[in-house]
Every structure is written in structure tokens, then in C-alpha cells.
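Read off the chains here:
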Amino acid sequence: MSYINKLTRFGYAPENTIAKALNNRMYTDYYYRLMLKARSRFEWKNLPNGIDEKWIEKYLFSEGSCVFYKDETLGFMVAKIGVAGTLNYYDEPTSIIPYATNYIFAENNPKAIDGKLYNNDDCVIIRNNDDMIPTFPTIQLYSYDLTNIKRTIDTNIELQKIPYIILCSDKQKSSLKQLMKQKQDNEPVIYGDKNLDIDQIKAITTTAPMVFDKLQVQKMNVWNECMTFLGLNNANTDKKERLISNEVDANNQLIQANSDVMLKARQKACEQINEMFGTDISVERRTDINIDDLFKDLDKDIDEEGESYDE
């Protein structure tokens with residue numbers, strides 16, 4: 001059973017909304033894939049028991065920030081930030097009420113002054129970046145672009161299956177189906193009924209251009225652009241193109257710069273947490289294949305004048 005038939009049979013979508021169902025499913029798939037990559041870029045070390053890095057990265061991805069503090073009952077925690085006071089002259093919250101699912105800060109911390117935490121006194125804000133901008137809106141945009149291109153590819157491939165449309169009367173339809181079956185069966189000679197009125201038959205060629213190969217390249221370009229935004233290694237170029245060492249270096253620098261935007265804010269939070277609570281928390285880029293390794297043979301084929309390299 002085809003995927004489309006399964007969608008219809010099991011009630012995911014009626015026949016007339018299959019395209020919309022596939023659009024939504026494709027968008028969701030790309031969003032989840034990119035979201036998981038975005039939330040696994042950094043490795044947190046020496047976190048206190050009970051704190052998992054996945055929650056820190058989840059909050060930073062969706063909220064842009066979270067707060068680290070010590071709960072009187074549960075110990076060290078990270079939670080979402082509820083601003084509970086005025087901003088200081090640096091536009092930062094002076095007091096915070098942490099909140100999470102099935103958790104009320106005041107109930108667990110009756111000794112806390114006014115049921116609040118005070119920024120830089122008994123808690124530290126962990127930021128996704130300096131301006132606490134969440135990552136998910138950008139991931140949504142890339143997911144939309146990838147979905148749009150992929151569904152266009154699917155449509156273009158489908159159009160290659162219908163190179164022409166035949167106009168005929170209802171009486172001639174059965175005869176024409178038999179003729180087309182002979183064609184599909186690779187018959188060297190096609191035999192038609194003597195009553196078949198050829199003059200009343202018209203064929204319209206759809207002439208849909210075959211462009212899915214070019215769209216695939218564009219899809220990879222968008223994917224690589226997203227990886228660069230996330231600070232993840234990628235070639236960020238069509239493999240069929242000629243690369244020069246300066247282009248590779250420039251892409252590496254952009255990847256590094258994008259990663260540093262996120263890493264710097266996390267490392268600053270670690271410094272503040274360690275100073276406030278006497279911990280030894282650190283964060284770094286998760287170890288993976290360095291972009292330089294992907295092109296380790298490139299320099300062997302580029303002379304000192306920086307000539308191009310063909311794969």
C-alpha cells in the first residue's frame with residue numbers, strides 16, 4: 001500500500017486534502033530534524049545531579065533563556081523565566097519567578113523573599129545569545145523553505161508521469177485505453193478498431209520541464225545555509241562546483257562565528273554559576289567531524305597560487 005493510500009485509509013486525510021496533509025507532514029519532519037540538531041550542538045559538563053542538558057537546550061531553543069538556581073527542596077534546577085520586577089538600567093530583570101510544569105516556586109521555597117529570585121544575587125540567567133533570542137523562529141523559516149522545495153520536487157516528478165492528456169468521447173475512451181495498454185506493453189504495432197474516429201481525438205502535451213535535479217541542488221543549498229546558521233559543519237556549496245581554498249576558509253569562518261554567538265553566552269553563564277554556587281560547570285561545542293577534515297585532501301590539490309580544485 002502506498003504512503004498516500006495509507007494516509008487516506010487510516011483517516012489522516014480525505015482524498016481531496018492529501019496534498020495539504022503531505023505538506024504539513026513534510027514541514028513537521030524538517031522542523032523536528034532541524035530542532036534536534038539545534039538542541040544538540042553543545043555539550044554541558046559537570047552539571048549537578050537532576051539537571052539534564054536537554055532541558056537547558058530546550059529552554060534556550062524555545063524561550064531564548066532559562067534561569068539556574070538552587071531550590072530549597074529539589075536542589076539545583078533550571079526553569080523558565082517569569083519576570084517579576086522592573087528592569088535595571090541595562091534592561092535586565094531585577095527579580096525572577098521560575099516556573100515549570102507542575103512546579104510552583106513559592107511552595108517549594110517559603111523562605112525566598114517575596115517568593116522571588118533576585119538576578120545576579122541568587123540565580124543566573126542562561127542565554128541563548130546576548131539578546132536572548134530563541135532559535136525556533138529561524139528553524140521554522142528554514143523548515144518552510146525546505147518543505148516548499150521538496151514538495152515542488154515531488155510535483156515535478158509526478159508531472160513526468162503524465163506527458164500528455166488525451167481528449168475523446170466517452171465511447172472512444174475504452175478503445176483508447178486498449179491502445180495505450182499496447183503502447184505500455186511495447187507492442188511494435190498498435191491495432192485500433194475500424195470505427196475509431198482519429199479526427200475526434202486530440203492529445204495535449206503537458207511539456208513539464210524536468211527540473212527536480214536543479215531543485216535538489218537548491219534544497220541542499222538551503223539545508224547547508226541552515227547548518228551554517230547553527231554553526232554546524234557543512235560544505236555549503238554544490239559538489240559539482242569548483243572550490244578554492246579561500247572559499248572553504250570563508251565558510252569555515254562563518255560557521256565558527258555563528259557557533260561563537262551561541263557558545264559565548266553559554267560560557268558566560270557557566271562562569272557566573274560557578275562563581276555564585278561553587279560548581280565546576282562548563283560547556284563546549286559537541287565533538288564532531290571538523291569541516292577541515294572534510295576537505296583534508298583539498299590542500300594537496302591546490303598549489304601556492306590558490307588554483308581551483310575539481311572533485
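Scroll up a little and you will see the structure.
These notes cover the structure that comes with them.

Parameters at a glance
Residues numbered from 1 in each chain as written. Predicted model: local features only at pLDDT ≥ 70, side-chain atom pairs only at ≥ 80, totals over all residues. Heavy atoms only, no water. Axes fitted to C-alpha atoms, helices over the stretch in contact; angles between N-to-C directions. Helix = DSSP H or I, 4+ residues; strand = E, 2+ residues; numbered from the N terminus. Parallel < 35°, antiparallel > 145°, perpendicular 65-115°, else oblique. Left-handed = near helix turned anticlockwise from the far one by under 90°. Contact = heavy atoms within 4.5 Å. Salt bridge = Lys/Arg side-chain N within 4 Å of Asp/Glu carboxyl O. Buried < 20%, exposed > 50% of the residue type's maximum accessible area, 1.4 Å probe, protein only. Pairing = 2+ DSSP bridges. Lys, Arg positive; Asp, Glu negative; His and termini not counted. Expected span 1.5 Å × (residues − 1).

1. Some words on the packing of helix α2 (residues 18-38) against helix α5 (residues 136-160)
For step 1, the next point in the chain: At their nearest, the axes of α2 and α5 sit 8 Å apart, and the two run at 135° to each other. Here α2 is positioned oblique relative to α5, judged by the angle of their axes. In this structure, the crossing between α2 and α5 has a hand that is right-handed. Contacts between α2 and α5 involve A19, L22, N23, M26, Y27, Y30, Y31, L34 and M35 on the former and, on the latter, F136, I139, Q140, Y142, S143, Y144, L146, T147, K150, R151 and D154.

2. What to know about the pattern of salt bridges
For step 1, the next point in the chain: Counted by the stated rule, this structure contains 10 salt bridges.
For step 2, the next point in the chain: Here D154 and R151 are joined by a salt bridge, their closest N and O atoms 3.1 Å apart. Taken together, the residues D154 and R151, both in helix α5 and three residues apart, mark about one turn of the helix. The exposure classification of D154 matches that of R151, with both residues buried.
For step 3, the next point in the chain: Through salt bridges with shared partners, a single ionic network connects K150, R151 and D154.

3. Overview of the pairing of strand β4 (residues 95-100)
For step 1, the next point in the chain: With four bridges connecting them, strand β3 (residues 75-83) and β4 associate as antiparallel partners. Looking at β4, one finds that V83 is bridged to I96.
For step 2, the next point in the chain: In this structure, β4 lies alongside strand β6 (residues 117-118), joined through two bridges in antiparallel fashion. Looking at the pairing, S95 lines up with Y118 of β6.
For step 3, the next point in the chain: Judged from the two bridges that link them, β4 and strand β5 (residues 103-104) form a sheet pairing that is antiparallel. If you follow Y99 over to β5, its bridge partner there is I104.

4. What about the side chain of K219?
For step 1, the next point in the chain: Turning to its location among the elements, K219 is positioned in helix α7 (residues 212-230).
For step 2, the next point in the chain: Here K219 sits buried without a salt bridge, and the closest side chain of opposite charge, D154, lies 8.8 Å off (N-O distance).
For step 3, the next point in the chain: Those residues in contact with K219 that sit more than four places away from it in its chain are Y30, L146, I149, K150 and I153.

5. Observations regarding α5
For step 1, the next point in the chain: For α5, built from 25 residues, the straight-helix expectation of 36 Å at 1.5 Å per residue is met to within 8% by its first-to-last C-alpha distance of 36 Å.
For step 2, the next point in the chain: Listed in full, the buried residues belonging to α5 are I139, Y142, S143, L146, T147, I149, R151, I153, D154 and N156.
For step 3, the next point in the chain: In the core, the buried residues of α5 are packed alongside α2, α3 (53-62) and α7.

6. What about the environment of N109?
For step 1, the next point in the chain: By the secondary structure assignment, N109 is in the loop between α4 (105-108) and β6.
For step 2, the next point in the chain: When the C-alpha positions of N109 and D71 are compared, they lie 6.6 Å apart, and in sequence the two are 38 residues distant.
For step 3, the next point in the chain: For N109, the contacting residues outside a window of four places in its chain are K70, D71, E72 and Y103.

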